[in-house]
Structures are given as C-alpha cells and as structure tokens.
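The primary structure of each chain is shown beneath.
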Protein chains: 2
Amino acid sequence: MDTEQRKLLYKLAVAYYEDGLTQKQIGKRFGVSRIKVSRLLRQARQEKIVNIHITPVDDANIDLERVLCQKYGLDEVIAVPVKNGQAVDFYHELGVAAADTLQRSLQNKEVIAITWGRTLKAVVNNLPAMTKPEIRVVQALGGINSPDVEINGSELARKLAQIVGARPILLSSPGLVASREIRDALIKDPQISRVIDLAARADIALVGVGALNLESLARRYNIISRDDFERLKARDVIGDIGLRYFNSQGEQVDDELHDRTIGLDLNQLRKVKRVIGVTGGPDKVESIRAALKGKLINVLITDDNTGKALLENSTA
Amino acid sequence: MDTEQRKLLYKLAVAYYEDGLTQKQIGKRFGVSRIKVSRLLRQARQEKIVNIHITPVDDANIDLERVLCQKYGLDEVIAVPVKNGQAVDFYHELGVAAADTLQRSLQNKEVIAITWGRTLKAVVNNLPAMTKPEIRVVQALGGINSPDVEINGSELARKLAQIVGARPILLSSPGLVASREIRDALIKDPQISRVIDLAARADIALVGVGALNLESLARRYNIISRDDFERLKARDVIGDIGLRYFNSQGEQVDDELHDRTIGLDLNQLRKVKRVIGVTGGPDKVESIRAALKGKLINVLITDDNTGKALLENSTA
DNA sequence: AAGTCAGGTGATCATTTGTTCACCGTTGGA
DNA sequence: TCCAACGGTGAACAAATGATCACCTGACTT
C-alpha cells in the first residue's frame with residue numbers, strides 16, 4: 001500500500017482510538033465523508049496498523065475454557081483448578097465458582113430453578129446474602145430421600161431462596177414415585193403442576209449432572225432400584241439431570257422411570273435460556289459430554305481435569 | 001482488583017474484540033445486562049486489559065505534525081520532509097502534499113476558493129485530472145500583475161477547474177486598485193460581488209500565506225507600493241493571505257489598502273470550514289504563526305523546518 | 001465503439017453503543 | 001436509629017456506527 005495511504009490510516013487511527021474523536025468529527029477534520037472514515041478505520045485494523053491486544057490473565061485454564069466453549073457451543077465454561085483430587089476442596093471450589101457466576105447473572109426478578117445434589121449444595125453454601133424479594137426460586141424436582149437432607153431439592157431451594165432474600169416455591173411431592181398412576185394423580189394437583197410450569201419458564205436453571213454408575217447418589221441412596229439401574233444401562237443411558245435420564249447423545253430416553261418422575265423434563269430444561277451445570281469428576285466425564293452434546297446445558301462449571309477429559313474424543 | 005473480576009473482563013474483551021460479538025450477545029451469554037457489558041468493557045480498557053496499539057508509520061514528522069495540530073488547534077498539519085533547502089524541490093514537495101490532501105477532500109459538489117502564489121501553482125500542477133462537473137472553483141482575489149502569469153489568481157482558478165473537470169468562476173477585476181472609489185464602483189457590479197459572495201460560501205479555500213518583507217512577491221512585483229509597505233510595517237502588519245494583511249495575532253489590520261482590495265477578506269475566510277494553507281520557508285515563520293493564532297487556517301501544509309520553527313515560541 | 005463488470009462512492013436505514021436520568025440499597029455518620 | 005451521601009443499576013433516550021443499496025466511473029472485453 002501507498003505510504004501516503006498508510007499515513008492517513010495512521011492519523012485516523014490516532015484520532016479515533018487515542019484522541020477519542022468520533023468518526024464524524026474525524027471526517028470533518030480530514031475532509032472525508034463519515035462513511036469513508038469508517039471504512040478506512042476498518043482497513044487500518046485489517047492492515048494491522050491498529051492492533052488490539054488483550055492482556056491474558058494468568059490463569060492457565062482460560063484457553064481450556066475457551067476451547068470447550070467453542071467445541072460444545074456453550075455460552076461459558078469455568079474450569080476451576082484442582083491440583084489434587086481432594087473431595088472436600090473439590091465441591092467447595094466448584095461451589096465458589098458457580099456461586100460467583102450465578103450471582104453475576106442475577107438481576108432482580110428472575111425465576112431460578114434448582115435441582116439437587118452435593119455440588120449444588122456447595123453452590124448454595126458459597127453464595128453471599130442478598131435482598132432480592134422479587135426473585136423466585138423454584139424447586140425443579142420433587143423431594144429425594146437421602147441421608148444428607150441438605151442435598152434434597154426442597155431444602156436446597158428453600159436455602160437458596162433464603163440467602164438470596166427471595167421467595168421459595170417448593171414442590172410438595174417426591175421426585176420419584178412407585179407408579180405412573182401415582183405420578184399422574186399428583187401431576188393433576190395444581191399445587192404441583194403450577195410449580196413445574198413455573199420451573200419450565202425459569203430464566204436460570206441450576207443443575208447438577210449425574211452419571212449412571214454405582215457411585216452415583218441415585219443408586220447409592222437407592223433412589224432408583226437395582227432393576228431400574230440395570231434396565232437403564234441396557235437402554236444405553238449414560239447420565240441424568242434431575243433424574244431425567246439421557247443417552248450418549250443427550251437425548252431423553254423413553255423408560256417407564258420417566259413416567260414416575262415428578263419434575264422438569266429435559267425438553268423443558270432445554271428451553272431455559274440459561275442452564276448452569278455444576279459438575280465434575282472422572283466418573284462423570286462421559287455423562288457430562290452427553291449432556292453437552294444434547295445442549296442440555298449452556299454454562300458449564302467444572303474442574304480442569306474434567307475439562308481436559310472433555311476435550312478428548314469420546315471413548316465410546 | 002479481584003482476580004475473578006479481571007478474568008471476567010478478559011473474557012468479555014475476548015468475546016468483543018476477538019470474536020466480534022455485540023455487547024448484547026455477550027450480555028446474554030454471560031448473564032449480564034447489555035449496559036453492564038458496555039461498562040465492563042470500558043473498565044477493561046482503563047485497566048489496560050485491553051490495549052489498543054497503533055503501529056507508527058516510519059515518518060519522523062508525524063509527531064511534529066501532531067504537536068503542531070494541538071498547539072494551534074488545527075484540523076490537520078502536514079510537514080513534508082525537506083533535507084536541503086532547494087527551492088524547486090521545496091515548492092514541488094509542498095505541492096504534492098497539498099494536492100493529495102485537496103484531492104482527498106473533494107467529493108462531488110464543493111465550492112473551492114483559491115488565491116494566488118507560487119505554492120498554489122505547485123499544488124495545481126501536481127493534481128491529477130478528474131471529472132467533477134458539479135464542483136465550482138472560485139477565484140477569491142482579483143488579478144495580479146506579475147511576470148509569471150501562472151501564479152495569477154485567474155490563471156490558477158482556471159487551471160485548477162480544468163484539471164478537476166469543474167466550472168471556473170473568475171473575478172474580472174484587479175486584486176488591488178488605486179483608490180477606494182474605484183473599488184466601490186467595481187464591487188457594485190454584480191458580476192464581481194457575486195463571485196466574492198460565492199467565495200465566501202466556499203467549502204474549501206486554498207490559500208498561500210505571505211510575509212511582509214522585501215522578499216515577498218507582493219513587494220518584488222511591486223503589487224504594493226513602497227509607501228504601502230512602509231505604512232503596513234509601521235502598523236505591525238506581519239503577513240497576508242490574499243493581500244489581506246494581518247498583525248502578529250492574525251487580526252485584520254485597518255488600513256486604506258484594505259479598502260482598495262477586491263477579494264475575500266479575512267473575516268469571510270475565517271468562516272470557511274476548511275482553509276488549506278500551503279506555505280513555508282524561514283522568512284515566513286512569523287507570518288504563518290500569526291495566521292495560525294488568528295485561526296485563519298484549518299489545515300497547514302508546510303515543510304518540517306518551518307514546522308519545527310513554529311513549535312518554538314515567537315521571538316516577537 | 002458499445003457493453004459489462006469490478007471497485008469505490010454516499011444516501012439511507014438498522015443496529016449498536018454511549019449518555020443521562022431516576023431509583024435503590026448500602027454505608028457511614030450524627 | 002435515622003438520615004444523607006454514595007456507588008451501582010437498568011430504562012429510556014441520543015448518538016455513533018455498520019450494513020445495504022443504488023449509482024457512478026473506469027477498464028477491459030467483445
């Protein structure tokens with residue numbers, strides 16, 4: 001390119017980026033039409049006369065997060081650094097990161113749906129107190145019988161609401177019942193159906209991701225029976241979100257369990273604009289991958305080891 | 001600042017500047033309001049997380065030009081490099097630079113006013129041919145008797161118009177007459193007054209700057225008499241633009257010469273949005289400085305030596 | 001010599017961005 | 001305990017910017 005031209009681009013760039021003039025002002029000053037200034041400035045960027053450099057923060061996982069974001073089409077990924085695999089720290093770290101992200105997402109009048117699990121408990125416990133009375137916290141899955149009452153959906157929703165200063169909206173029913181008939185009966189109750197409808201319209205959903213294996217709480221706490229477990233396995237189920245089971249493509253699997261579950265289903269969840277999935281661990285990699293493939297989650301909060309594993313291709 | 005906060009700023013900056021997302025999209029993705037994205041991006045710039053660097057062009061005068069621009073509140077300054085003080089090259093170089101600037105300023109239907117002089121001749125001679133029939137070139141000062149006919153305003157206006165492919169509008173009168181009465185009579189002629197009126201409404205004025213000294217063409221060609229010269233000197237006149245004389249503050253000086261001159265006066269000139277002054281040389285420094293102080297010129301095209309001299313403070 | 005195609009132009013319109021304002025919650029002090 | 005000042009917030013508005021379109025010009029082809 002012409003030296004004169006380069007010089008002009010330089011001058012325009014200085015006027016725009018350093019002196020902060022508007023394109024119109026620059027056009028007037030240099031006797032060029034406003035639109036031409038716009039084009040010349042673009043050219044200056046293309047010609048690398050203007051360089052925009054972003055100082056990287058010293059966090060090794062930034063790249064990992066970005067690549068994951070792109071690979072799975074996510075809105076945001078946070079991969080917290082976990083040196084050793086210590087369990088206590090692990091949940092805490094995930095909880096802190098998720099709490100931060102959740103807090104940032106809160107304005108004043110959202111509807112937040114929440115499921116259950118150890119990770120979500122950590123999220124709730126790391127959230128600072130707020131006063132947001134117009135926010136509603138909705139329990140997205142019925143109650144769970146577990147030794148640790150604090151991971152129960154009702155308890156989590158209640159506590160989250162309390163911390164946020166919001167109104168809790170709870171599901172007064174179990175998450176899983178013995179038969180389809182019972183489920184149907186419960187669902188007819190407006191007290192229940194209304195809550196689920198509200199959860200389906202949530203602005204934000206805070207969910208964990210379960211794996212279908214012997215370590216999973218659902219199995220360890222006998223929430224699903226051994227028969228259920230085996231049957232799901234046979235149907236290539238790989239994990240769940242809120243007891244809604246999916247296969248390796250993140251598709252909802254048609255099983256009678258589905259008809260005994262009371263809570264948000266996966267198709268409803270997919271419609272929520274911001275689904276924050278907080279989860280990690282070696283045994284969960286494949287179920288997380290499936291959930292991501294199925295676009296069940298928009299924001300993934302996990303640890304770096306899990307993140308790295310997700311970058312590699314599925315072994316299945 | 002918080003590391004988490006820095007990380008967020010980094011992510012937003014990458015999304016905005018590298019991935020080219022809009023602030024609205026980023027807000028949606030990160031669960032933050034659009035307006036907040038705008039504020040955070042500004043913060044990222046303040047915190048130097050985002051650095052905008054402009055590659056300097058290898059032209060030593062860029063800084064000089066910029067400083068001059070600021071010091072005198074000009075729109076633009078071009079200081080062409082002149083190693084040796086060779087006269088021929090000097091006018092040619094100034095002409096090339098001015099022609100480039102003028103050309104850039106031309107759209108399609110401007111009115112260009114032009115005065116006279118050696119420098120302007122060089123400008124016109126370095127302009128490439130164009131076809132802009134809607135442009136009008138107006139002679140801003142009546143004719144001058146000089147040995148070199150090509151520096152005469154009529155000739156310059158005619159030639160400029162021809163090269164641009166535009167319509168010339170000439171002043172059929174001398175630039176300086178013997179008495180106020182003659183001037184008044186000529187001015188009454190609509191043929192003449194209309195031209196001056198048009199010049200006063202010009203979009204662009206192309207002018208030289210004269211010094212009031214013995215080297216000046218006005219004196220050498222005896223355009224102004226020895227008496228005129230001495231009288232002006234006594235009135236602290238320091239230079240002229242188009243035979244309109246001004247003092248060291250660039251203010252028009254009240255002298256009878258003024259009433260014998262036919263052409264644009266300084267107050268009219270000042271109203272033209274884009275006055276391109278093409279001029280330079282050691283003997284002209286102080287008169288250029290005065291013209292700049294008086295805001296008679298918006299765009300200065302000169303040589304680097306003159307530019308440097310203008311940076312220093314007046315000796316007067 | 002006429003046609004046509006590419007490149008560049010400004011006008012117009014739509015989008016994006018920044019600014020201003022009123023509001024709210026918090027904090028620090030009386 | 002109350003009040004006032006403050007910082008932060010989004011809504012509404014204004015400004016700036018980018019995208020699209022139709023047009024023109026100049027160069028090359030037929």
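Novice: How should the overall build of chain A be read in this particular structure?
Specialist: Regarding its fold elements, chain A presents 14 helices and 11 strands. Over its C-alpha atoms chain A spans a radius of gyration of 25 Å, topping by over 25% the 20 Å that the globule rule assigns to 316 residues. Reported as C-alpha extents along the three principal axes, the dimensions of chain A are approximately 80 × 45 × 35 Å. Going through the 316 residues of chain A one by one, you find that 55% of them count as buried.

Novice: What exactly am I supposed to notice about the protein's contact with DNA strand C here?
Specialist: Around DNA strand C sit 15 residues in total, of which Tyr-16, Gln-23, Ile-35, Ser-38 and Arg-42 of chain B are the nearest. Protein-adjacent atoms of DNA strand C, using a 4 Å cutoff, are sugar or phosphate at a proportion of 52%. Between Arg-39 of chain A and DNA strand C, the recorded distance is 3.0 Å, taken from a side-chain N or O atom to a base oxygen. Listed by contribution, the elements that provide at least two residues to the surface near DNA strand C are helix H3 (34-46) of chain A together with helix H2 (23-30) and helix H3 (34-46) of chain B. Class assignment for the residues of the surface near DNA strand C results in three nonpolar, six polar and six charged.

Novice: Just checking my understanding: could you explain the packing of helix H1 (residues 3-18) of chain A against helix H2 (residues 23-30) of chain A for this structure?
Specialist: Helix-helix packing is characterised by the crossing angle of the two axes and by the distance between the axes. Residues and elements named next belong to chain A. Two numbers describe how H1 lies on H2: the axes approach to 10 Å, and their chain directions differ by 140 degrees. Relative to H2, H1 is oriented oblique. Crossing handedness for the pair H1 and H2: right-handed. Residue-level inspection shows Lys-11, Leu-12, Ala-15 and Tyr-16 of H1 in contact with H2, the latter providing Gln-23, Ile-26 and Phe-30. Here the contact of H1 with H2 is composed, by residue class, of five nonpolar, one polar and one charged.

Novice: For this particular structure, what's the right way to read the domain arrangement of chain A?
Specialist: Accessible area lost when the parts come together is the quantity often used to give the size of an interface. In terms of domain boundaries, chain A breaks down into domain 1 (3-46) and domain 2 (62-311). In this structure, domain 1 of chain A and domain 2 of chain A have C-alpha centres spaced 51 Å apart.

Novice: Would you mind going over the sheet that holds strand S7 (residues 210-211) of chain B with me for this structure?
Specialist: Each strand in a sheet pairs with its neighbour through backbone hydrogen bonds, running either in the same direction (parallel) or in the opposite one (antiparallel). Residue and element names in this part refer to chain B. Strand order across the open sheet formed by three strands is S7-S8-S9, with antiparallel pairing between neighbours. Bordering the open sheet on either side are S7 and strand S9 (244-247), each of which pairs with just one other strand. Where strand S8 (residues 237-241) meets S9, four bridges bridge the pair, whose relative direction is antiparallel. Within the sheet, the bridge partner assigned to Ile-241 lies in S9 and is Arg-244. Packed on one face of the sheet, helix H13 (residues 285-293) meets S7, S8 and S9 and runs near 70 degrees to S8.

Novice: Sorry if this is basic, but what is going on with the interface of chain B and chain A here?
Specialist: With 41 residues of chain B at the contact, the number on the chain A side is 41 residues. Interface of chain B and chain A: buried area, both sides summed, is about 3700 Å²; carbon and sulfur atoms make up 52% of it. Viewed at the interface, chain A and chain B are joined by 10 salt bridges. When the shortest N-O distance is used, the salt bridge between Lys-7 of chain A and Glu-65 of chain B registers 3.2 Å. Between chain B and chain A we count 25 residue pairs in polar contact (both at pLDDT 80 or more) in total. Sorting the residues of the side of chain B that touches chain A by element identifies helix H1 (3-18), H2, strand S1 (50-54), helix H4 (61-72), strand S2 (76-80) and helix H5 (87-105) of chain B as the ones contributing at least two each. Among the elements that make up the side of chain B that touches chain A, the one with the highest residue count is H1 of chain B (10 residues). In terms of residue class, the side of chain B that touches chain A is built from 17 nonpolar, seven polar and 17 charged. As paired strands, strand S1 (residues 50-54) of chain A and S1 of chain B are joined by five bridges and run antiparallel to one another. Bridge pairing in S1 of chain B places Ile-52 of chain A opposite Ile-52 of chain B.

Novice: I tried to follow the relation of the copies chain B and chain A on my own but got confused; where do I start?
Specialist: Each of the two chain copies can be brought onto the other by rotation about an axis and movement along it. Between chain B and chain A, which share one sequence, the superposing operator has a rotation angle of 179 degrees and an axial displacement of 0.0 Å; the RMSD is 0.1 Å. Within this description, the copies of the chain are treated as partners about a two-fold rotation axis. Among all residues of chain B, the one whose C-alpha sits closest to the rotation axis is Ile-52 of chain B, at a distance of 2.2 Å. Taken as a fraction of all interface residues of chain B, those also at the interface in chain A reach 100%, which identifies the copy contact as same-surface.

Novice: Hey, could you run me through the protein's contact with DNA strand D in this one?
Specialist: Taken together, 15 residues form the shell around DNA strand D, and within it Tyr-16, Gln-23 and Ser-38 of chain A together with Ser-33 and Lys-36 of chain B come nearest. A share of 53% of the atoms of DNA strand D within 4 Å of the protein falls on sugar and phosphate groups. For the surface near DNA strand D, the elements supplying multiple residues, two or more each, are H2 and H3 of chain A together with H3 of chain B. By residue number, the principal contributor to the surface near DNA strand D is H3 of chain A, which donates five residues. Here the surface near DNA strand D is built from residues that sort into three nonpolar, six polar and six charged.

Novice: Mind showing me how you'd approach the pattern of salt bridges here?
Specialist: With the rule as written, the count across this model stands at 41 salt bridges over all chains. Among the ionic pairs, Glu-155 of chain A bridges to Arg-158 of chain A, the shortest N-O distance being 2.9 Å. Remark: Arg-158 of chain A and Glu-155 of chain A occur in helix H7 (residues 153-164); sequence separation between them is three residues, near one turn of the helix. Of the charged contacts, one joins Arg-104 of chain B and Glu-76 of chain B as a salt bridge, the two residues approaching to 3.1 Å between their closest N and O atoms. Of this pair, Arg-104 of chain B sits in helix H5 while Glu-76 of chain B sits in strand S2, and the two are 28 residues apart along the sequence.

Novice: Mind showing me how you'd approach the side chain of Asp-265 of chain B here?
Specialist: All names here are of chain B. Take Asp-265: it is sitting in the loop between S9 and helix H12 (266-271). One polar contact links the side chain of Asp-265 to the main-chain amide nitrogen of Gln-268, over a distance of 2.9 Å. Apart from the residues lying within four places of it in its own chain, the contact partners of Asp-265 are Arg-244, Gln-252 and His-258.

Novice: Help me out: how do you make sense of the sheet that holds strand S11 (residues 299-303) of chain B in this one?
Specialist: Residues and elements named next belong to chain B. Pairing is parallel in the open sheet, where seven strands are placed in the order S2-S11-S10-S6-S3-S4-S5. Where the open sheet ends on each side, the last strands, each with one partner, are S2 and strand S5 (167-169). Between one strand axis and the next, the sheet turns through 15 degrees on average, direction left out of account. Summarising the sheet, strand S6 (residues 204-207) and strand S10 (residues 274-278) pair through four bridges and their orientation is parallel. Residue pairing in the sheet places Val-207 in a bridge with Gly-277 of S10. Most of the contacts of helix H9 (residues 190-200) go to strand S4 (residues 136-139), to which it runs at about 115 degrees, and overall it touches strand S3 (111-114), S4 and S5.

Novice: Would you explain the pairing of strand S6 (residues 204-207) of chain A in this entry?
Specialist: A regular strand places its side chains so that they alternate between the two faces of the sheet. Residue and element names in this part refer to chain A. With burial as the criterion, each face of S6 is covered, one bearing Ile-204 and Leu-206 and the other bearing Ala-205 and Val-207. Where strand S3 (residues 111-114) and S6 come together, three bridges link them in parallel fashion. Of the residues in S6, the one forming a bridge with Ile-112 is Ile-204.

What counts and what doesn't
- Residues numbered from 1 in each chain as written.
- Chains lettered and ligands numbered in written order.
- Predicted model: local features only at pLDDT ≥ 70, side-chain atom pairs only at ≥ 80, totals over all residues.
- Heavy atoms only, no water.
- Helix = DSSP H or I, 4+ residues; strand = E, 2+ residues; numbered from the N terminus.
- Rg over C-alpha atoms; globule rule 2.2 N^0.38 Å.
- Buried < 20%, exposed > 50% of the residue type's maximum accessible area, 1.4 Å probe, protein only.
- Near = heavy atom within 4 Å.
- Polar contact = N/O pair within 3.5 Å; in protein donor to acceptor, adjacent residues only side chain to side chain.
- Nonpolar A, V, L, I, M, F, W, Y, C, P; charged D, E, K, R; others polar.
- Axes fitted to C-alpha atoms, helices over the stretch in contact; angles between N-to-C directions.
- Parallel < 35°, antiparallel > 145°, perpendicular 65-115°, else oblique.
- Left-handed = near helix turned anticlockwise from the far one by under 90°.
- Contact = heavy atoms within 4.5 Å.
- Domains from an automatic or database assignment.
- Pairing = 2+ DSSP bridges.
- Buried area = accessible area lost by both parts, 1.4 Å probe.
- Salt bridge = Lys/Arg side-chain N within 4 Å of Asp/Glu carboxyl O.
- Least-squares fit on C-alpha atoms with pLDDT ≥ 70 in both.

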